[in-house]
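Summary of the model geometry
As a plain string of letters, each chain reads:
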Amino acid sequence: MYRMAKKGKLLIEILPDKCDFCGCCVGVCPEDAIELKEASIRIIDSFCTNCSKCVWACPIEVIKFNKEGVEA
Amino acid sequence: MKNEYDIIVVGAGPAGTTAARFAAEQGVSVLVLEKDRDVGYPVRCAEAINKRTADEFIKPNDKWISSHISKFSFISPNNSEVLIDFNSVQGYILERKIFDYELAKIASNAGAEIITKAYVNGLLLEGQKVSGVTAEYRGQQINIKSKIVIGADGTESRVGRWAGIKTHVHLKNMESCFQVTASNISVEPDTLYFYFGKNVSPGGYFWVFPKSCTTANIGLGISGLEGKEKSALAYLNDNLARLFPHASILTQVAGGVPCSITLEKITSNGIMLLGDAARQVNPLSGGGIASGMIGGRIAGIIAAEAIRKNKLDHIFTYEKAWYNERGKMHEVFNRLKEGIYSFTDEDFNKIMEKFQKVPLSKRTIGKLFRIALANKPSLLIDISKVFLV
């Protein structure tokens, strides 16, 4: 089970090697903070609010909270 | 590629190329830009379409039809199965790679220009009005002008957002999907199988859509909210291990299907949204090919009329036209979806048990829904509107 991220800083990251580029995360992102090309994807840091919707929507768990963002 | 067109369509899926075709048939200039290198690939789709709609747009051909569907099978959480036999072909399982190509060829023969590997990354604006797109093409940033931009850029649509339209999907309504195409299995090639249950596919369903007796698209969608606990991939692995332990996996693909009512606003100055991008998917089934093509036909015709009459405001009639043809029905489907996904496993089991008592010759989808929603009279009225009239 996923844990909640702290606020205020880029805490969500995509593991691009494992991404299938399906766009599910882009569809749920309320801030237009994910850029998806044919086979590349990135989070636009300045737009991301760490709402974590992309993490939950990802069918294959390639979007994660990075370690420093996870509360113990 | 020129640097100016009447209409630019972003995305070369079935919705985009259908819009391009119907616009080009009226003699206006149309450019379709696709971000991927191929039209029709990768296939992020379970590939089922109803026959009636498909036949409206393209003559059936076994080149792109893998199987002809005449039966539905519903499997309850306790593994009892009920079959509906329509006694005639109701739908196809497509070979999307070829189907999308054929649709693109039809658009292209009608006069539309199609370019792949062109990544649209912004809109050109003249005041408040959209006047073209910016794109990355062969390593260069280019500007292409147009009177109308049609955003058919799928689940991951950003075109609408750039025009200030709120398009993001509520997490609950985003079906988080994973699918494999598997062989070394045994299925009836004329039957679509739907499995329900909270351990099978919560807030969605698990599907087996046959491409032959031994091959099928096997996948599932779960509500995005359910992904907090367990991912679509994890559910699929569990279902495969239980039901098809000897399957060989030929392809695997992730995807997101927006299962909601259509966006409130699908038109703005100089811009129209279409297909998955406009959230025109049938929210009950998650099917988006047929509704995207229907949306494409409406949008393409209206966009071309707007150009020919030199009255760009005409594109605002698209919203009403869509609503009357499909949008209204999707509102009913959405209420049904919400009713069904509020069921517990016990509810599903009871419904299937009741439905099993209906003689095979009298089973219809309408009847199934009537049983399913017998304790929700308000929904019954909705269903009767859709299925019984």
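Residues numbered from 1 in each chain as written. Chains lettered and ligands numbered in written order. Predicted model: local features only at pLDDT ≥ 70, side-chain atom pairs only at ≥ 80, totals over all residues. Heavy atoms only, no water.

**Structural notes on the overall build of chain B**
How we decide: In this description a helix means any DSSP run of H or I spanning at least four residues, a strand means any run of E spanning at least two, and both kinds are numbered starting from the N terminus. The atom set for the radius of gyration is the C-alpha atoms, and the globule formula is 2.2 Å times the number of residues raised to the power 0.38. Using a 1.4 Å probe on the protein chains alone, a residue whose accessible area is under 20% of its type maximum counts as buried, one over 50% counts as exposed, and one in between counts as partly exposed.
Broken down by element type, chain B carries ten helices and 18 strands. A globule of 389 residues ought to have a C-alpha radius of gyration of about 21 Å, and chain B, at 21 Å, matches this closely. When the backbone C-alpha atoms are referred to their principal axes, chain B occupies close to 60 × 45 × 40 Å. Relative to its full complement of 389 residues, chain B shows a buried share of 58%.

**Describing the side chain of Ser80 of chain B**
All names here are of chain B. This is how it is decided: By the criterion applied in these results, polar contacts are pairs of N or O atoms within 3.5 Å in which, for protein atoms, one can donate a hydrogen and the other can accept it, and in which residues neighboring in sequence qualify only through two side-chain atoms. Only heavy atoms enter the contact rule, under which two residues are in contact if any of them lie within 4.5 Å.
In this structure, Ser80 sits in the loop between strand S5 (71-75) and strand S6 (81-85). At 2.9 Å, the side chain of Ser80 and the side chain of Ser76 are in polar contact. Within the structure, Ser80 has its side chain in polar contact with the side chain of Asn78 (distance 3.3 Å). In contact with Ser80, not counting residues within four places along its chain, are Phe74, Ile75, Met352 and Gln356.

**Describing the sheet that holds strand S13 (residues 191-195) of chain B**
All names here are of chain B. In plain terms, the rule: Any two strands are treated as partners once DSSP identifies two or more bridges connecting them. Here an axis means a line fitted to C-alpha atoms, over the contact stretch when the element is a helix, while the angle between two N-to-C directions is reported on a 0 to 180 degree scale.
With respect to topology, seven strands assemble into an open sheet ordered S6-S5-S13-S14-S15-S12-S16, the strand pairing being mixed. Each having just a single partner strand, S6 and strand S16 (248-258) make up the two edges of the open sheet. Across the sheet, the mean angle from the axis of one strand to that of its neighbour is 15 degrees, orientation sign disregarded. As judged from the eight bridges shared by strand S12 (residues 174-183) and strand S15 (residues 216-223), these two strands associate in the antiparallel manner. Bridge pairing in S15 places Cys177 opposite Gly221. Taken strand by strand, helix H5 (residues 232-243) contacts S12, S13, strand S14 (206-210), S15 and S16, and its axis lies near 135 degrees from that of S15.

**Side note on the domain arrangement of chain B**
Residue and element names in this part refer to chain B. Heads up, the rule is: For the domains described, the bounds stem from an automatic or database domain assignment. Computed with a 1.4 Å rolling probe, the buried area is the accessible surface lost when two parts are put together, summed over both parts. Any Lys or Arg side-chain nitrogen located within 4 Å of an Asp or Glu carboxyl oxygen qualifies as a salt bridge. Gly is placed with the polar residues, together with every amino acid not listed as nonpolar (Ala, Val, Leu, Ile, Met, Phe, Trp, Tyr, Cys and Pro) or charged (Asp, Glu, Lys and Arg).
When its domains are assigned, chain B resolves into domain 1 (4-44 + 97-169 + 260-331), domain 2 (68-92 + 171-258) and domain 3 (337-388). Computed over C-alpha atoms, the centres of domain 1 and domain 2 are 29 Å apart. Contact with domain 1, which involves eleven residues of that partner, is made by nine residues of domain 2. Buried area between domain 1 and domain 2, both sides added, is near 850 Å², and the carbon and sulfur share of it is 60%. When residues of domain 1 are sorted by the area they lose upon contact with domain 2, Arg44, Thr155 and Val169 head the list and together hold 51% of the total. One can count zero salt bridges joining domain 1 with domain 2. Per-class residue counts for the side of domain 1 that touches domain 2 are four nonpolar, four polar and three charged.

**Considerations on the sheet that holds strand S7 (residues 91-94) of chain B**
Residue and element names in this part refer to chain B. The antiparallel open sheet is built from three strands, whose spatial order is S3-S7-S4. At either end of the open sheet lies a strand with only one pairing partner, and these are strand S3 (48-50) and strand S4 (65-69). Mean inter-strand twist for the sheet, computed between neighbouring axes without regard to direction, equals 30 degrees. In the packing of helix H6 (residues 289-308) onto the sheet, the strands contacted are S3 and S7, and the crossing angle to S3 comes to about 55 degrees.

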